[in-house]
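The primary structure of each chain is shown beneath.
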Amino acid sequence: QKEVEQNSGPLSVPEGAIASLNCTYSDRGSQSFFWYRQYSGKSPELIMSIYSNGDKEDGRFTAQLNKASQYVSLLIRDSQPSDSATYLCAVRKGSNYQLIWGAGTKLIIKP
Amino acid sequence: DVKVTQSSRYLVKRTGEKVFLECVQDMDHENMFWYRQDPGLGLRLIYFSYDVKMKEKGDIPEGYSVSREKKERFSLILESASTNQTSMYLCASSSPWGAGETQYFGPGTRLLVL
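This write-up is about the structure you can find in this document. What you see is a predicted model, and the numbers here were worked out from it, not measured in a lab. Numbering of residues begins from 1 in every chain and follows the order in which that chain's sequence is written. Each chain takes a letter, starting from A, and each ligand takes a number, starting from 1, following the order in which they are written. A pLDDT threshold of at least 70 governs which residues receive local features in this predicted model, and a stricter bar of 80 or more applies before side-chain atom pairs are shown or counted, although totals over entire chains, interfaces and linings include all residues. The basis for every side-chain value is the complete set of non-hydrogen atoms in the structure, without hydrogens or water.

Once that is clear, we can look at the side chain of Gln85 of chain B. All names here are of chain B. One can find Gln85 in the loop between strand 8 (73-78) and strand 9 (87-94). N or O atoms closer than or at 3.5 Å make up a polar contact, with two conditions inside protein: a donor-capable atom paired with an acceptor-capable one, and, for residues adjacent in sequence, both atoms drawn from side chains. A distance of 3.3 Å separates a polar side-chain atom of Gln85 from the backbone oxygen of Gly63. With near-sequence residues (within four places) excluded, Gln85 lies in contact with Arg36, Glu62, Gly63, Tyr64, Leu78, Ser80, Leu111 and Val113. The way it works is that DSSP assigns letters per residue, a run of H or I at least four long becomes a helix, a run of E at least two long becomes a strand, and they are numbered from the N terminus. Two residues form a contact once any of their heavy atoms are found within 4.5 Å.

Put into structure tokens, the structure is as follows:
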């Protein structure tokens, strides 16, 4: 079992709809969770971090964390073609600031 | 504005060559990381460093070494390049203080070993 798992996609969503991206992790003691976006040929950039159970909203993005079920999700409302990218889930490992990365989900927003 | 730079965007080397990839950050971050990224495999940690002259092996250190002589600079060395080291190499840095767990990435170096 991979430590951080994501569906590789591609996930195709119509413009204006809600895109839902999911990530599960295996270490029950994980405390910090991150969503990064990576455009083709570019490096990853942070979208959101979340540390507590529940929802965290930032503009069109909402991160959801459920530690009991060991999953973290990212919702993108009013999806735009510019949201088309690969979304990487990362989980902090222990106390040494290492991150464990999922392989990413490719999101395609269709105009 | 945070900035991580890498010495080359594209690099072509021959099998057996010694290859140096350099990463510089201007954010005074303690932590620096080298990853490689391959299709379907995601980001895999090669080495990281949490202080000058300190280094820790990541998940795939074989065939690589690193050097951190100054806080802002973290170098990745391929001792004898092989074709299976053809990949995208990404450097990142982060700070252990405050809300500084965010890793900031450089633009990446796409290495082709022939």
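Right, let's talk about the pattern of salt bridges for a bit. For this analysis, a salt bridge means a side-chain nitrogen from Lys or Arg found within 4 Å of a carboxyl oxygen belonging to Asp or Glu. Enumeration over the complete set of coordinates arrives at 10 salt bridges over all chains. Ionic pairing is found between Glu45 of chain A and Arg37 of chain A, a salt bridge with its closest N-O pair at 3.1 Å. In this structure, Arg36 of chain B engages Asp38 of chain B in a salt bridge whose closest nitrogen and oxygen atoms are separated by 2.9 Å. For the pair shown, Arg36 of chain B and Asp38 of chain B are each scored as buried. Salt bridges sharing partners connect three or more residues here, namely Asp28, Glu30 and Lys71 of chain B. Each residue is assigned to one of three classes by its accessible area relative to the maximum for its type, calculated with a 1.4 Å probe on protein chains only: buried under 20%, partly exposed between the two thresholds, exposed over 50%.

Our focus in this paragraph is the interface of chain A and chain B. Listed per partner, the contact involves 18 residues of chain A and 19 residues of chain B. Summed over both partners, the accessible area lost on bringing two parts together, with a 1.4 Å probe, is the buried area. Across the interface of chain A and chain B, roughly 1,600 Å² is buried in total on both sides, 52% from carbon and sulfur atoms. For chain A, the biggest contributors to the area lost against chain B are Tyr97, Gln98 and Trp101 of chain A; these three give 35% of the whole. In this assembly, chain A and chain B are joined by zero salt bridges. Linking chain A with chain B are four residue pairs in polar contact (both at pLDDT 80 or more).

Okay, the sheet that holds strand 1 (residues 4-6) of chain B next. All names here are of chain B. Strand order in the open sheet made by the four strands is 1-3-8-7, with antiparallel pairing throughout. Every interior strand has two partners, whereas the edge strands, strand 1 and strand 7 (64-70), have only one. Each strand axis lies, on average, 20 degrees off the axis of its neighbour in the sheet, ignoring direction. The rule for pairing is simple: two strands pair if DSSP sees at least two bridges between them. Of the pairings in the sheet, the one linking strand 7 to strand 8 comprises five bridges and is antiparallel in character. Within strand 8, the position partnered with Ser65 by the bridge is Ile77. Simply put, an axis is a line fit to the C-alpha atoms, just over the touching stretch for a helix, and the angle between two N-to-C directions goes from 0 to 180 degrees.

What follows deals with the pairing of strand 11 (residues 109-113) of chain B. All names here are of chain B. By the alternation rule, side chains of strand 11 split into Thr109, Leu111 and Val113, which are all buried, and Arg110 and Leu112, of which none is buried. Here strand 2 (residues 10-13) pairs with strand 11 via four bridges, running parallel. Residue pairing for strand 11: Leu11 is matched across the bridge by Leu111. Here strand 9 pairs with strand 11 via three bridges, running antiparallel. Across the sheet, the residue bridging to Tyr89 is Thr109, located in strand 11.

What follows deals with the sheet that holds strand 1 (residues 4-6) of chain A. Residue and element names in this part refer to chain A. Strand order in the open sheet formed by five strands is 1-3-8-7-6, with antiparallel pairing between adjacent strands. Edge strands, defined here as strands with exactly one partner in the open sheet, are strand 1 and strand 6 (54-58). Taking the axes of each pair of neighbouring strands and ignoring which way they run, one obtains an average angle of 20 degrees across the sheet. As defined by bridge partners, strand 6 adjoins strand 7 (residues 61-66) across five bridges and the pair is classed as antiparallel. Residue Gly54 lies in a different strand from strand 7, and its bridge partner there is Leu65.

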